[in-house]
Amino acid sequence: VSDDSAILFREYVLDAAGEGDGALRAVLEKACPDCAQKLSAAEQALAELALDVRPRAPRAHVRATVLGRIAAQSQGAQTPPRPIAAAPMMSTPGAWRAPQSLPPSSPRRSRPWLAAVSAAAVCVVVMIAATTWMSVQHERHMVALIAHYDGAIQHDDSAIQLRQAMDMVRHAGVERVTLAPVAPAQVTAQLLVDRQHHRALIAVANLAKLPAQRCYVAWLLAADGQVVASTRCSARSDGSADLFMTLPEADFTTAVITEEATAALPVPSERVVASGSIRH
Amino acid sequence: VTSTPPAQHAEDALLIAAVASGDQAAMARLYDRFAPLVNALCLRMLRDRHAAEELFEDIFVELWRRSGQYDKARGSVATWIATITRSRGIDRIRARQRAGAVAMTDEAEQVAGDADPAEQVLAADERRRVNESLQALTPDQRRAIELAYFEGLSHSEIATRLARPLGTIKTHIRQGLIQLREVMRIPSGSASEP
């Protein structure tokens, strides 16, 4: 794993740097510090490519501009906050003192615009709260999935699968559907659909180990029950499995995981492990 | 630059620590040491002098703010700064692509040709080591890796740019990275490198 994953992380850095990586790193640092360290190591290693670029001095005036901006920022950070109402708190021009008390408020006047502004502010706060909640939920799922793939790093020698899974997890436009377990009840399964890249992944955990000649199969079914895509795999030793599929052209409304004989017909049997509906 | 690389790395770490403590004179020294590297990277990535200069200024302001985040255990100051520069550069490239900006020019390559050796900020043997390793790559491998690293292109975009099959590009990049394994060593602290 170590040799492959070092190259894998470098491939990842080459393919995926940019503003989205901050979020990925934050999630990785919570869920998989070792992964975050490897990612950072890969970035540092690849940064040596930059050392091959011939140094080129900037134009002379830029130095003063940069250092001026820094000095201004530094000065701004040390400047005391401006008082709320200047007049009663300024004893001498230019000298700032902390306010002893707020100035007396003026008699209340009718402000018809105030209600509208307040309503708009409340709406904004509600929207921010809702967005934050959704973001937290999304991150919680991401943490769980990345923890799952951390397990894959430890137990699976397929670095390519890990890369594909990480790519899908981090992709902003991915749809996520939780499949309901049927048997065994402790199975957890999530379907990730990346329509932009025409791919899907079902990440499953807590699967039972199957005897030889049997395997797990993921099916995507149309509304009329016709199979539009399927793929098969075995569970890893820790009970996890990743079922990757290329998204079919045809619409599908249901995802099902079944247990099948390896030589079974290309239709799902009754031995359903988990299933879920996809909304469009 | 007369210091040996390890000594220079230690000096750089002290310099960034001084910057983190709010020492503006240290910031000026950091600027003098790394401005040529950052400027070259900005030009290499954005290929537009005006845009590169804007990015360059923003990066140094960011370095002033983020100097406390530098972790010596994760690598040299030079590679840390290069990583930040590359990341911000790619953000700008993608923002420009989203805005449908005009195609890049090759201005950067023109101006990069007349670099003054005296401006070289990195130890000569370190540059030579990287350069020799890059020479070991095939032209296709090198081109693919450079497009990914400096322009932030995805494998698919590189395939389109170079008019090659996606699988071929992936192979070039993977083989190139394997080839570069020795030079692009994992810094101490990582358990993943053989």
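The structure contained in this document is the topic of the report that follows. (Residues numbered from 1 in each chain as written. Chains lettered and ligands numbered in written order. Predicted model: local features only at pLDDT ≥ 70, side-chain atom pairs only at ≥ 80, totals over all residues. Heavy atoms only, no water.)

Further remarks concern the nonpolar core. Counting residues in each nonpolar core, the largest one holds 63 residues, and the members touching the most others are Met27(B), Phe34(B), Phe56(B), Phe60(B), Leu63(B), Ile158(B) and Ile173(B). By residue number, the principal contributor to this core is helix α2 (residues 24-46) of chain B, which donates 15 residues. Core analysis: the next-biggest nonpolar cluster, separate from the first, contains 26 residues, Val193(A), Met245(A), Leu247(A) and Val273(A) among them. (Core = buried A, V, L, I, M, F, W, Y, C linked by side-chain atoms within 4.5 Å. Buried < 20%, exposed > 50% of the residue type's maximum accessible area, 1.4 Å probe, protein only. Helix = DSSP H or I, 4+ residues; strand = E, 2+ residues; numbered from the N terminus.)

Residues and elements named next belong to chain B. Applying the stated criterion across every chain yields a total of 5 aromatic pairs over all chains. Taking 4.9 Å as the distance between ring centres and 50° as the angle between the ring planes, the aromatic pair formed by tyrosine 31 and phenylalanine 60 counts as tilted. With tyrosine 31 in helix α2 and phenylalanine 60 in helix α3 (residues 49-66), this residue pair connects regions lying 29 residues apart in the sequence. Phenylalanine 60 matches tyrosine 31 in its accessibility class, with the two residues each being buried. Ring centres 5.0 Å apart and planes at 90° place the aromatic pair tyrosine 149 and phenylalanine 150 in the edge-to-face group. For phenylalanine 150, a relative accessible area of 3% gives the class buried. Taken together through their ring pairs, the aromatic side chains of Tyr31, Phe56 and Phe60 make up a single cluster. (Phe/Tyr/Trp six-rings, centres within 6.5 Å; stacked < 30°, edge-to-face > 60°.)

A separate point is unusual backbone geometry. Glycine aside, a negative phi is what most residues show, and trans is what most peptide bonds show. In this model, Asn206(A) sits at a positive phi of 65°, which is unusual for a non-glycine residue. In this fold, Asn206(A) is placed in the loop between β3 (199-205) and β4 (214-221). Note on Asn206(A): relative accessible area 37%, which makes it partly exposed. Backbone geometry places Arg47(B), a non-glycine residue, at a positive phi of 55°. Looking at the secondary structure, you find Arg47(B) in the loop between α2 and α3.

Moving on, we get to the sheet that holds strand β2 (residues 188-194) of chain A. Residue and element names in this part refer to chain A. The 8 strands are arranged β5-β4-β7-β8-β1-β2-β3-β6 in an open sheet whose pairing can be described as antiparallel. At either margin of the open sheet sits one strand with a lone partner, and together these are β5 (227-233) and β6 (241-246). Neighbour-to-neighbour, the strand axes of the sheet open up by a mean angle of 25°, direction not taken into account. Two elements, β4 and strand β7 (residues 254-261), share 8 bridges in a ladder whose sense is antiparallel. By the bridge assignment for β7, leucine 221 is matched with threonine 254. (Pairing = 2+ DSSP bridges. Axes fitted to C-alpha atoms, helices over the stretch in contact; angles between N-to-C directions.)

All names here are of chain B. Relative to each other, helix α8 (residues 155-162) and helix α9 (residues 166-179) sit at 110°, their axes nearing to 9 Å. Looking at the two axes, α8 sits roughly perpendicular to α9. As α8 runs across α9, the sense of the crossing is right-handed. Each of His155, Ser156, Ile158, Ala159 and Leu162 in α8 lies in contact with α9, whose residues at this interface are Leu166, Ile169, Lys170 and Ile173. Grouping the amino acids of the contact of α8 with α9 by side-chain chemistry returns 6 nonpolar, 2 polar and 1 charged. (Parallel < 35°, antiparallel > 145°, perpendicular 65-115°, else oblique. Left-handed = near helix turned anticlockwise from the far one by under 90°. Contact = heavy atoms within 4.5 Å. Nonpolar A, V, L, I, M, F, W, Y, C, P; charged D, E, K, R; others polar.)

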